[in-house]
Structures are given as C-alpha cells and as structure tokens.
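Observations on the model geometry
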Amino acid sequence: MRAALVLLLLLVTLITVKSVAGGKNKKGKNKPSQSGSECTDWRYGNCLPSNGDCGAGFRDGSCDQQNNRMKCRVPCNWKKEFGADCKYRFGSWGECDPSSGSRTRMGTLKKALYNAECQQTISVSKPCSGKTKTKSKGKKRKGQVN
C-alpha cells in the first residue's frame, strides 16, 4: 500500500513538473516589441518570397523609428497584377467575346491585408475555352440503359 502511494505521489510530481516546463518554451507570435513604446500605426510592405515568385518569405514593417520583419507566405496561384494582399470577391464569368477571344469577370475588394493599397474594383480575363460545357441529364450507372 505504501509503495502504491509513493508511486502515485511520484507520478503527480512528474506530471506537474512536465506541465510547468512545457509552458515556458511557447513563443508569442507577433508580440509587440518590449522597447517601452507601443506603436499602433504599423505600415507593412508587400510579402517578398525568398526564392522565386511564391512560397515563404518576409514582410518588412515600420512604425515611427521601429522596424519589424515578419514571416509571410505568397500563394503560388496568386494574381500578380493585383497582389497577394488584396482579396477580392468575384462574380461569375461573362460570355465569350468573339472579337477578343476572351471572357471577363469583375471583382470588388473584400479585404486589404496589412494596410495594402488595393483597387476597389478589378477586371480579370481569360481565354475562351474551345468546348462548350453541357449539363448531363443524369449519371449512367453500370448495367443501366437510358
């Protein structure tokens, strides 16, 4: 009985020590600087990928005399003409214009990340597809005839 009590006490002590030590190594993400002055008007630049056109990179920020560099990520499918920090809500694609061979759609600004300067509305276009899509009337299953 005494051995079980000692074992239980040892187990509780180990768990307590482990939980206290586990809380010490946590990093605070994007904590404000501890230099004494709390700046509220941070200005951040665009996210610049470390290699190539997309992927992990850095964004430089400044406020008064303070500078900050934070990690960021540029998605690999971003549209370069309006930037990765401008998020738009797009409507549906318009009809194919036979004179230009392309179709367009409009987007309105949904969110500008890190105080990015974004256009309120944008227009994007893509080439018309060669095939016209038709809706199927129903799925054919194995062994059935329509």
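Remember, it's a predicted structure, so these values are computed and weren't measured experimentally. (Residues numbered from 1 in each chain as written. Predicted model: local features only at pLDDT ≥ 70, side-chain atom pairs only at ≥ 80, totals over all residues. Heavy atoms only, no water.)

1. Topic: the side chain of Asp85
Inspection of the secondary structure puts Asp85 in the loop between β4 (66-74) and β5 (86-90). Its relative accessible area of 8% is what places Asp85 among the buried residues. A distance of 2.8 Å separates the side chain of Asp85 from the side chain of Arg59, its partner in a polar contact. What Asp85 contacts, discounting residues up to four positions off in sequence, is Gly45, Asn46, Cys47, Arg59, Lys111, Ala112, Leu113, Ala116 and Cys118. (Helix = DSSP H or I, 4+ residues; strand = E, 2+ residues; numbered from the N terminus. Buried < 20%, exposed > 50% of the residue type's maximum accessible area, 1.4 Å probe, protein only. Polar contact = N/O pair within 3.5 Å; in protein donor to acceptor, adjacent residues only side chain to side chain. Contact = heavy atoms within 4.5 Å.)

2. Concerning the pattern of salt bridges
Inspection of the entire model under this criterion finds three salt bridges. Close ionic contact of Arg59 with Asp85 constitutes a salt bridge, the shortest N to O distance being 2.8 Å. Of this pair, Arg59 sits in strand β3 (residues 55-63) while Asp85 sits in the loop between β4 and β5, and the two are 26 residues apart along the sequence. Neither Arg59 nor Asp85 differs from the other in exposure class; each is buried. The partner of Arg69 in a salt bridge is Asp60, and the shortest N-O contact between them spans 3.1 Å. (Salt bridge = Lys/Arg side-chain N within 4 Å of Asp/Glu carboxyl O.)

3. Digging into the state of the cysteines
Applying the stated criterion across every chain, the model contains four disulfides. The disulfide partner of Cys86 is Cys118, and the S-S distance across this bridge is 1.9 Å. Between Cys86 and Cys118, the disulfide has an S-S torsion of -85° and is therefore left-handed. Of this pair, Cys86 sits in strand β5 while Cys118 sits in the loop between β6 (102-112) and β7 (121-127), and the two are 32 residues apart along the sequence. By the burial criterion, Cys86 is buried, and Cys118 matches it. (Disulfide = S-S within 2.5 Å.)

4. What to know about the nonpolar core
Formed by Phe82, Cys86, Tyr88, Ala116, Cys118, Ile122 and Val124, the largest nonpolar core amounts to seven residues. Secondary structure elements with two or more residues in this core: β5 and β7. (Core = buried A, V, L, I, M, F, W, Y, C linked by side-chain atoms within 4.5 Å.)

5. Comments concerning the environment of Tyr44
Take Tyr44: it is sitting in strand β1 (residues 43-44). A residue is classified by how much of its surface remains accessible, and Tyr44, at 22% relative accessible area, is partly exposed. Each C-alpha atom of the pair Tyr44 and Ser62 lies 6.6 Å from the other, and the pair is 18 residues apart in sequence. Excluding residues within four positions of it along the chain, Tyr44 makes contact with Arg59, Asp60, Gly61, Asn68, Met70 and Tyr114.

6. Comments concerning unusual backbone geometry
Notably, Asp64 is not glycine yet its phi reads approximately 50°, a positive angle. Among the structural elements, Asp64 can be located in the loop between β3 and β4. On the accessibility criterion, Asp64 (72% relative accessible area) is exposed.

7. Some words on a nonpolar patch on the surface
On the surface, Leu5, Leu8, Leu11, Val12 and Ile15 cluster together to form a nonpolar patch covering roughly 500 Å² of accessible area. Looking at where Leu5 falls in the secondary structure, it is placed in helix α1 (residues 2-22). A residue is classified by how much of its surface remains accessible, and Leu5, at 58% relative accessible area, is exposed. (Patch = residues over 30% accessible without salt bridge, like charges linked within 9 Å, V, L, I, M, F, W, Y side chains within 5 Å. Areas by Shrake-Rupley, 256 points an atom, 1.4 Å probe, with all protein chains shown as cover.)

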